[in-house]
Amino acid sequence: MNEQNIREVVIVGGGTAGWMAAAAFSRYLNNGYTRTTLIESEEIGTIGVGEATIPPLINFNAMLGINENDFVAATNASFKIGIEFVNWGGVGERYFHPFGTYGHDLQGVHFHQLYLRERKKRVLQDISAWSMSAVAAANGKFARPGPSARAPLSQIRYAFHFDASLYAAFLRRYAESNGVRRIEGKIVDTNLRSDDGFVESVVLADGQVIEGDLFIDCSGFRGLLIEQALSTGYEEWTHWLPCDRAVAVPCSYQNGPDPFTRATAYESGWQWRIPLQHRMGNGLVYSSNHISDDDARQLLLSNLEGQPLADPRKLSFVTGRRKLAWNRNVVAMGLSSGFVEPLESTSIHLIQTGISKLLALFPDKSFNPVERDEYNRQMQALFEDVRDFIILHYKMTKRNDSDFWNYCRTMGIPESLERKVALWRAKGRVFRDELELFATPSWVAVMLGQGVVPESYEPVADSLDEEKVADAMEQIRLANLETAERLPTHGEFIAQILGRPPAHAEVPQFTL
Ligand SMILES: Cc1cc2nc3c(=O)[nH]c(=O)nc-3n(C[C@H](O)[C@H](O)[C@H](O)COP(=O)(O)OP(=O)(O)OC[C@H]3O[C@@H](n4cnc5c(N)ncnc54)[C@H](O)[C@@H]3O)c2cc1C
């Protein structure tokens, strides 16, 4: 064993970030030499929200060798095939952002380009009709694509809604059984090395001193090591994303569960609706400059579809990112590394990516700056990509019914997003940079959904025969409908894989 290898990894915090990191390290740093210790404080607790995810989480579970049905059972999870947006482009409007693709690209031409061309000639249904995920969601149906499934079912992509505290507990069992040491206790001090300012150890309230070579700061918004000890600095994005508070409450529900998250915009923010197997997660994300906490709480409670199951919890946040996710021998993950509101359910994904990128650039005791800089470059690009995609939802609106929407509609946006919008407006083009998370169909869904229709389409689309394209499009549309009809309802699917009867009655939730 190379004696330069990291011996002691100390994870500070046992929320979703801490236990995801611990589980991954217990598998991938399992070299008989490196030891992982996680410190958490029950007195401080976790943030207790974070229930909707995006498809790459499947890879994280798979990378840990977790059986997906065991995970669904242990976390009361349901499946998610997209997000329904209500009142975003304008009051009374709805659209669906599906996971997966639209139709098929033909002869190298993107499907959405053919759709845009057809739309110039005749009245066409919403593009959702060409997404298998959207058609299944509209009918309350779900099935996994399966390795051998043929189109259209093979086009479904899915993620999960789950109980975040149950997921952390599930990963804790996994990590501890793979040798991760857990210490219960509150950190009250941090010791820095005098020569280089690296973190040497943390001190617990009971006097224990825990030393480490590498520290992972998963302490939540407070950023115990990355900010309180190392003063790394924070880049705020509140001028682009003015929401700074949330109030969350679970409730009971009758019908469903729907295989999608719903995000409903109101005058000064928006409300999430996340159906789990046993309850509905709800929360209002809002701008405290535009609505009071009491009014936000009332608005949330008046828009629940069942009995509240707990007292509403208020959370404050500052949108932005830590200037360096990796500073000296501390890597911040989760809320300590930054936060962008949960409109596209990206925070847990940022944790997952932070973990895989750290494993790919794992340091030794020399802490070569080149590895740190590369990590920071990649994480910054990812955070900014997520930021731009969320800003898009606020900026591209016709809403003028409140100060909040007037501000969002008229605000300046990052240059990176301006360029994307301009390319889209001209000929519906979307280019995905190397490190970007959201693929072309996601940009297409939100742009068209919020009423941003390009002036034209790519000239290469004209090289395809019009009649053949129209026929192919009709076949795809019908195949989606026929396939959706044959699928089990989402509730039936969950019941099947868990071997028990469906818990709720089912109703289709919306029309495309
Ligand atoms: C309103 C809202 C909605 C969200 N919705 C989603 C969503 O739908 N999807 C999604 O992907 N993400 C969502 N997120 C983000 C998600 O909740 C977080 O990314 C995730 O929970 C990770 O949190 P964390 O582990 O970084 O922090 P926390 O859960 O806050 O955990 C911090 C840990 O650090 C420990 N700690 C802190 N200080 C000390 C100390 N001094 N000594 C010892 N231990 C200490 C705490 O005890 C705790 O264990 C949402 C966030 C908010 C605010």
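For the structure, see preceding data.
Now for a quick tour of the structure. Keep in mind that what you see is a predicted model, and the values were worked out from it rather than measured.

1. Focus: the overall build of the protein chain
Thinking step 1. Secondary structure assignment for the protein chain yields 15 helices and 21 strands.
Thinking step 2. Radius of gyration (C-alpha) of the protein chain: 23 Å, near the 24 Å computed for a compact globule of 512 residues.
Thinking step 3. Seen through its principal axes, the protein chain has C-alpha atoms that stretch 75 × 50 × 50 Å.
Thinking step 4. A buried classification covers 58% of the 512 residues belonging to the protein chain.
Thinking step 5. Considering only intrachain contacts with a sequence separation of at least 6, the fraction spanning at least 24 residues in the protein chain is 77%.
Thinking step 6. Element-wise, carbon and sulfur atoms account for 47% of the exposed surface of the protein chain, whose accessible area totals about 20700 Å².
Thinking step 7. Side-chain charges of the protein chain comprise 51 positive and 63 negative groups, with the mean position of each set lying 2 Å from the other.

2. Describing the sheet that holds strand β8 (residues 187–192)
Thinking step 1. Spatial ordering of the open sheet is given by β8-β9-β10, a layout of three strands whose pairing is antiparallel. Each edge of the sheet is formed by a strand with only one pairing partner; in this case those strands are β8 and β10 (209–211). Averaged over all pairs of adjacent strands, the angle between their axes in this sheet comes to 25 degrees, without regard to strand direction.
Thinking step 2. Here three bridges tie strand β9 (residues 199–204) to β10, and the two strands are oriented antiparallel to one another. Residue pairing in the sheet places S201 in a bridge with E211 of β10.

3. Points about the pairing of strand β2 (residues 35–40)
Thinking step 1. Judged by how many residues are buried, β2 sits mostly within the fold: five of six residues are covered.
Thinking step 2. Inspection of the sheet shows strand β1 (residues 8–12) paired to β2 by five bridges, in the parallel sense. Across the sheet, V10 pairs through a bridge with T37, a residue of β2.
Thinking step 3. Between the parallel elements β1 and β2, the chain passes through helix α1 (residues 16–28) in a crossover that is right-handed.
Thinking step 4. By the bridge criterion, four bridges tie β2 to strand β7 (residues 181–184) in an arrangement that is parallel. Within β7, the position partnered with T37 by the bridge is R181.

4. Some points on the site of the ligand
Thinking step 1. Taken together, 34 residues lie near the ligand, and G14, V49, A52, I187 and I348 sit nearest.
Thinking step 2. Within the contact set of the ligand, an oxygen atom lies 3.0 Å away from a backbone nitrogen or oxygen of I47.
Thinking step 3. Here A52 contributes a backbone N or O atom positioned 2.7 Å from a nitrogen atom of the ligand.
Thinking step 4. Relative to its unbound accessible surface of 1000 Å², the ligand loses 97% to contact with the protein.

Thresholds applied
- Residues numbered from 1 in each chain as written.
- Predicted model: local features only at pLDDT ≥ 70, side-chain atom pairs only at ≥ 80, totals over all residues.
- Heavy atoms only, no water.
- Helix = DSSP H or I, 4+ residues; strand = E, 2+ residues; numbered from the N terminus.
- Rg over C-alpha atoms; globule rule 2.2 N^0.38 Å.
- Buried < 20%, exposed > 50% of the residue type's maximum accessible area, 1.4 Å probe, protein only.
- Contact = heavy atoms within 4.5 Å.
- Areas by Shrake-Rupley, 256 points an atom, 1.4 Å probe, with all protein chains shown as cover.
- Lys, Arg positive; Asp, Glu negative; His and termini not counted.
- Charge placed at Lys NZ, Arg CZ, Asp CG, Glu CD.
- Pairing = 2+ DSSP bridges.
- Axes fitted to C-alpha atoms, helices over the stretch in contact; angles between N-to-C directions.
- Right-handed = clockwise from strand over helix to strand, strands pointing away.
- Near = heavy atom within 4 Å.
- Polar contact = N/O pair within 3.5 Å; in protein donor to acceptor, adjacent residues only side chain to side chain.

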